Amino acid sequence: MTSARRESELLSSIPTGLLIGGQWRAAGSGATFDVEDPATGKVLLSIADAAPEDGTAALDAAAAAQESWAAVPARERGEILRRAFALVTARAEDFALLMTLEMGKPLAEARGEVSYGAEFLRWFSEEAVRISGRYSVSPDGKSRLLVQKKPVGPCLLITPWNFPLAMATRKVAPAVAAGCTMVLKPARLTPLTSQLFAAVMQEAGLPAGVLNVIPSTSAGATTGPLIRDSRLRKLSFTGSTEVGRRLLADASETVLRTSMELGGNAPFVVFDDADLDAAVDGAMLAKLRNMGEACTAANRFIVQESVADEFTTKFAARMTTMTTARGTAPESKVGPMIDAKSRDKVHSLVKDAVSAGATVVTGGALIDGPGYFYEPTILTGVTEGSPILSEEIFGPVAPIVTFSTEKEAIRLANNTEFGLAAYVFTQDLNRGLRMGEKLETGMLGLNAGVISNAAAPFGGVKQSGLGREGGAEGIEEYLTTQYIGIAAPAAG
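Here's a quick rundown of the structure. Since the model is a prediction, treat every value here as computed from it, not as a measurement.

On to the overall build of the chain. When its secondary structure is counted, the chain shows 16 helices and 20 strands. With respect to the three principal axes, the spread of C-alpha positions in the chain is 80 × 65 × 40 Å. Buried residues in the chain amount to 55% of all 492 residues. Sequence separation of 24 or more characterises 73% of the internal contacts of the chain that already satisfy a separation of 6 or more. Summed over its atoms, the accessible surface of the chain is roughly 19200 Å², and 52% of this surface lies on carbon and sulfur atoms.

Spelled out as structure tokens, the structure:
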């Protein structure tokens, strides 16, 4: 089968409607929007464009299903997730190709995301039966204390475009495990993976109304009324800090429970005792995974002066081997940026840094032709205070600055409003542990360039967000705690 025919057959199998109350249907207005391939600019599919009334209908369905879904035994909820894990795994090539088509990442990376995203389904299938409470005697002996965990209720889940499957499974799986119903609003740039994932959840046996999906080009207008609706009990958002701030303000009106996974500005610190080859390996993963379009991407490379030249030379040699091409091409190592706006922002940051005195070691240019490609880039001599060091780049650009002492490295690393991820390379375990204690970050990769894991708590500090996803902590975001005071039993 030719690749073009394979793509066509896959796209023809994707639901193009809204999923509300277990039924795929057109938007109330009949409106649709186009989903494009960022490598070519061509339209892949047109899908239903939800309006505010569709959002309300989705919440109606979620609210109607909440009581019966919460009563489903935990084992049964877990088995649904386990079947979904098996189905996603069986269709791994479909999910990988679909993500490559609508998001642009190389097919090998997309396959990696399928494995990562599916693991949330398996992890939370196991966590569903581990929700527990406690029973104890009060300190004065006059009563008994019963504490139990209950599903928080209907949830609004808003996912970003950069990891279309993993961001959906990371939110949907714990909500299902906890007994919550959901309205999922996928990113308008990459909604197709969520459409396929929702169909798989139906096939796995998820009851009607538990998961409702409303892709939309007017996110604020569609989700705003839901956030103000007293029936909604939880908002989980992954995206920019700017949008997260607005959502938190809106959520304050009803004191809505929130989880926020927001922006990042990860420092990548290399000490003079580091294994430089391992550091370069880690740098390639931390910087170029997903074309740098990841909130955990290394944003600032902070390298000790005595090894800065050697590290830069080795890093640049690797970067120049990274072939840019459409993600389906066998030679593709770096796919396109998600759209022209994102590519142009990256180029603007590079030009600004160069005008302020930075040197382009490799890359630094737009790539002609269809699609939104940008050269993998390394900059040295970047001055402190440069926007490229304070803003989230979200592209394949690595600015390098140097330091002389550990204290200076800590200061440079913490010099940001964000605190999602950080990376440290050193062969001194004591130094690594000191850095873990001193760095203001929710996650730290010690001699590791990839740290995301379904079994680990994902989240940040400062303006990188609130709450945690994944790990034993992830299900707690979808549970509320109830205490029942019981009179002491009468003497026999």
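Glancing now at the nonpolar core. Within the largest apolar cluster, 103 residues are counted, with the highest numbers of intra-cluster contacts made by F268, F311 and F315. By residue number, the principal contributor to this core is helix α6 (residues 166-178), which donates 9 residues. Not counting the four nearest positions on each side in its chain, F311 is found in contact with F268, V270, L276, A279, V280, A283, F301, V303 and I400. Membership of the second largest hydrophobic core comes to 27 residues, among which are F271, A358, Y372 and V397.

Time to look at a nonpolar patch on the surface. A cluster of nonpolar side chains, namely Y135, I484 and I486, defines an oily patch on the protein surface of about 270 Å² accessible area. Mapped onto the secondary structure, Y135 falls in strand β5 (residues 134-137). On the basis of relative accessibility, which here comes to 54%, the residue Y135 falls in the exposed class.

Attention now moves to the side chain of D339. Turning to its location among the elements, D339 is positioned in the loop between α11 (305-319) and α12 (340-355). Buried charge without a partner: D339 forms no salt bridge, and the closest opposite charge is R188, 5.1 Å away. Among the polar contacts listed, one links the side chain of D339 to the side chain of S342, at a separation of 2.8 Å. Not counting chain neighbours up to four residues away, the residues in contact with D339 comprise L189 and Y372.

Further remarks concern the packing of helix α10 (residues 276-288) against α11. In the contact formed by α10 and α11, the axes pass within 10 Å of each other and the chain directions differ by 55°. Classified by the interaxial angle, the pair formed by α10 and α11 is oblique. For the pair α10 and α11, the crossing hand works out as right-handed. Contacts from L276, D277, A279, V280, D281, A283, M284 and L288 of α10 reach α11 at V307, E310, F311, K314, F315, R318 and M319. A per-class count over the contact of α10 with α11 returns 10 nonpolar, no polar and 5 charged.

Our focus in this paragraph is the packing of helix α4 (residues 92-103) against helix α5 (residues 107-127). With their axes 8 Å apart at the nearest point, α4 and α5 run at an angle of 125° to one another. As summarised for this structure, α4 and α5 are arranged oblique, according to the angle between their axes. Pair α4 / α5 crosses with right-handed handedness. In this structure, α4 uses A92, E93, F95, A96, L97, M99 and T100 to contact α5, whose residues at the interface are L107, A110, R111, E113 and V114.

For the rest of this paragraph, the subject is the sheet that holds strand β20 (residues 479-487). Sheet architecture is open: 3 strands sit in the order β5-β6-β20, paired in antiparallel fashion. In this open sheet, the two strands that pair with only one neighbour each are β5 and β20. Averaged over all pairs of adjacent strands, the angle between strand axes in this sheet comes to 20°, irrespective of strand direction. Inspection of the sheet shows β5 paired to strand β6 (residues 143-151) by 4 bridges, in the antiparallel sense. If you follow S136 over to β6, its bridge partner there is L145.

Further remarks concern the sheet that holds strand β16 (residues 397-403). Ordered in space as β14-β15-β16-β13-β12-β17-β18, the 7 strands form an open sheet in which the pairing is mixed. The sheet terminates laterally at β14 (359-362) and β18 (443-446), the two strands that pair on one side only. Put simply, the sheet's adjacent strands are angled 25° from each other on average, direction ignored. Pairing of strand β17 (residues 421-425) with β18 involves 4 bridges; the strand directions are parallel. Note on β18: the bridge partner recorded for Y423 is G445. On top of the sheet, α11 reaches β12 (266-270), β13 (298-304), β14, β15 (377-380) and β16; it is set at about 135° to β13, its chief contact. The strands touched by α12 are β14, β15 and β16; relative to β15, the strand with the most contacts, the crossing angle is about 25°.

Conventions adopted
Residues numbered from 1 in each chain as written. Predicted model: local features only at pLDDT ≥ 70, side-chain atom pairs only at ≥ 80, totals over all residues. Heavy atoms only, no water. Helix = DSSP H or I, 4+ residues; strand = E, 2+ residues; numbered from the N terminus. Buried < 20%, exposed > 50% of the residue type's maximum accessible area, 1.4 Å probe, protein only. Contact = heavy atoms within 4.5 Å. Areas by Shrake-Rupley, 256 points an atom, 1.4 Å probe, with all protein chains shown as cover. Core = buried A, V, L, I, M, F, W, Y, C linked by side-chain atoms within 4.5 Å. Patch = residues over 30% accessible without salt bridge, like charges linked within 9 Å, V, L, I, M, F, W, Y side chains within 5 Å. Salt bridge = Lys/Arg side-chain N within 4 Å of Asp/Glu carboxyl O. Lys, Arg positive; Asp, Glu negative; His and termini not counted. Polar contact = N/O pair within 3.5 Å; in protein donor to acceptor, adjacent residues only side chain to side chain. Axes fitted to C-alpha atoms, helices over the stretch in contact; angles between N-to-C directions. Parallel < 35°, antiparallel > 145°, perpendicular 65-115°, else oblique. Left-handed = near helix turned anticlockwise from the far one by under 90°. Nonpolar A, V, L, I, M, F, W, Y, C, P; charged D, E, K, R; others polar. Pairing = 2+ DSSP bridges.

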